[in-house]
Amino acid sequence: MTWASIDLNADLGEGFGRWRLTDDDELLSVVTSANVACGFHAGDAVTMRRVCERAAERGVRIGAQVSYRDLAGFGRRAMDVPPAELAAEVAYQIGALEVFARAAGTRVSYVKPHGALYNRVVHDAGQAGAVVEGVLLAGDRLPVLGLPGSRFLETAERAGLPVVPEAFADRAYTDEGTLVPRGDDGAVVTDADAVVERSVGLAGSGAVTALSGRRIEVRARSLCLHGDTPGAVVLTRRVRAALEAAGVRVEAFA
């Protein structure tokens, strides 16, 4: 199915100390959901607090972007973490962000894995189960974002968590509907016009052209645009404008 409305999410708060990667303030004026780094791949207490305050002011939903503990590798390095440890670390990250969300007068509305963890739980049932356990441990049975057809969404649904299938307009897909690894040629779609066109196609027809040229089905309720892409703010505004011009309502799922 396709939806008459779609959520726009972006990874925010991915700075640390004096270093900032994303233009959080500007992106929060465009997106409907903010995936906030919780300190394991990026982010720190001051950054998390600031992003939560800005998101609350703009009515943007706050999501915990949980990751492997990998600041040096930005959460994009493959890691083997025991399930019990991973579950505890996921709950820890959600809890840390919830403190700042509540202080800003709102709450954490959903959970999304980041980077290597996101890709790992597509196929790895053990790691997927650990992330779901961590979400349950944190309480509130929060919705989770993930790749359609992934072990993660299957496990979360069995556990009674609301699941939100997600698509990426600026990432290339394999014929199987998974993301092309970032180290491969063509993994990131850099042409702005192509990203805009793919966004409208994903929202309208639930399909996208894979890296091979094959047309594949990717039916999603939320569309992610990466905040660390050069020109991310302008691109995100273009995507939102194109969606609305095509008759698609842009609104948060949570």
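Everything below is about the structure shown above.
The present account deals with the structure reproduced in this document. (Residues numbered from 1 in each chain as written. Predicted model: local features only at pLDDT ≥ 70, side-chain atom pairs only at ≥ 80, totals over all residues. Heavy atoms only, no water.)

This part covers the overall build of the protein. A tally of helices and strands in the protein yields eight helices and 10 strands. Viewed in the frame of its principal axes, the protein has a C-alpha envelope of about 40 × 40 × 35 Å. Within the protein, the fraction of its 254 residues that count as buried is 55%. Contacts in the protein between residues far apart in sequence, at least 24 positions, make up 72% of those at least 6 positions apart. Just so you have it, the protein exposes about 10600 Å², and 51% of that area is on carbon and sulfur atoms. On the protein, the mean spot of the 28 positive side-chain charges and the mean spot of the 33 negative ones are 3 Å from each other. (Helix = DSSP H or I, 4+ residues; strand = E, 2+ residues; numbered from the N terminus. Buried < 20%, exposed > 50% of the residue type's maximum accessible area, 1.4 Å probe, protein only. Contact = heavy atoms within 4.5 Å. Areas by Shrake-Rupley, 256 points an atom, 1.4 Å probe, with all protein chains shown as cover. Lys, Arg positive; Asp, Glu negative; His and termini not counted. Charge placed at Lys NZ, Arg CZ, Asp CG, Glu CD.)

A few words now on the pattern of salt bridges. Applying the stated rule across the entire model yields 18 salt bridges. Between arginine 49 and glutamate 53 there is a salt bridge whose closest N-O contact spans 3.2 Å. Of this pair, arginine 49 and glutamate 53 both sit in helix α2 (residues 45-58), separated by four residues, roughly a single helical turn. Note on arginine 49: relative accessible area 48%, which makes it partly exposed. (Salt bridge = Lys/Arg side-chain N within 4 Å of Asp/Glu carboxyl O.)

Looking now at α2. Across its 14 residues, α2 extends 20 Å between first and last C-alpha, which sits within 8% of the 20 Å expected from 1.5 Å per residue. Taken together, the buried positions of α2 are Thr47, Met48, Arg50, Val51, Cys52 and Ala55. Tucked inside the fold, the buried residues of α2 contact β1 (5-12), α1 (24-27), β2 (33-37), β3 (61-66) and α3 (83-103). Positive backbone phi, approximately 75°, marks glycine 59, located one or two places after α2. (Expected span 1.5 Å × (residues − 1).)

The next subject is the packing of helix α7 (residues 192-204) against helix α8 (residues 232-245). At a minimum axis distance of 9 Å, the contact between α7 and α8 shows a crossing angle of 40°. Our classification of the angle between α7 and α8 gives oblique. Relative to α8, the crossing made by α7 is right-handed. In this structure, α7 uses Ala192, Asp193, Val195, Val196, Ser199, Val200 and Ala203 to contact α8, whose residues at the interface are Leu235, Arg238, Val239, Ala242 and Leu243. Of the residues belonging to the contact of α7 with α8, the class tally is nine nonpolar, one polar and two charged. (Axes fitted to C-alpha atoms, helices over the stretch in contact; angles between N-to-C directions. Parallel < 35°, antiparallel > 145°, perpendicular 65-115°, else oblique. Left-handed = near helix turned anticlockwise from the far one by under 90°. Nonpolar A, V, L, I, M, F, W, Y, C, P; charged D, E, K, R; others polar.)

To continue, consider the pairing of β3. With five of six residues buried, β3 lies mostly within the body of the structure. Across five bridges, β2 lies against β3 in parallel orientation. Bridged to alanine 34 within β3 is isoleucine 62. Read as a crossover between parallel neighbours, the route from β2 over α2 to β3 is right-handed. Judged from the five bridges that link them, β3 and strand β4 (residues 108-113) form a sheet pairing that is parallel. From the neighbouring strand, alanine 64 faces β4, where its bridge partner is valine 111. Once the chain exits β3 it traverses α3 before rejoining the sheet at β4, and the crossover so formed is right-handed. (Pairing = 2+ DSSP bridges. Right-handed = clockwise from strand over helix to strand, strands pointing away.)

Below, the discussion takes up the packing of aromatic side chains. According to the stated counting rule, one finds three aromatic pairs in the structure shown. Judged by centre distance (6.0 Å) and plane angle (45°), the ring pair of phenylalanine 40 and tyrosine 92 falls under tilted. Placement of phenylalanine 40 in the loop between β2 and α2 and of tyrosine 92 in helix α3 is noted, with a sequence separation of 52 residues between them. By relative accessible area, tyrosine 92 is classed as exposed at 56%. (Phe/Tyr/Trp six-rings, centres within 6.5 Å; stacked < 30°, edge-to-face > 60°.)

This brings us to the packing of α2 against α3. Between α2 and α3, whose axes approach to 8 Å, the crossing angle comes to 45°. Between α2 and α3, the crossing angle belongs to the class labelled oblique. In the crossing of α2 with α3, the sense of the turn from one axis to the other is right-handed. Seen from α2, the contacting residues are Ala45, Met48, Arg49 and Cys52; seen from α3, they are Ala96, Leu97, Phe100 and Ala101.

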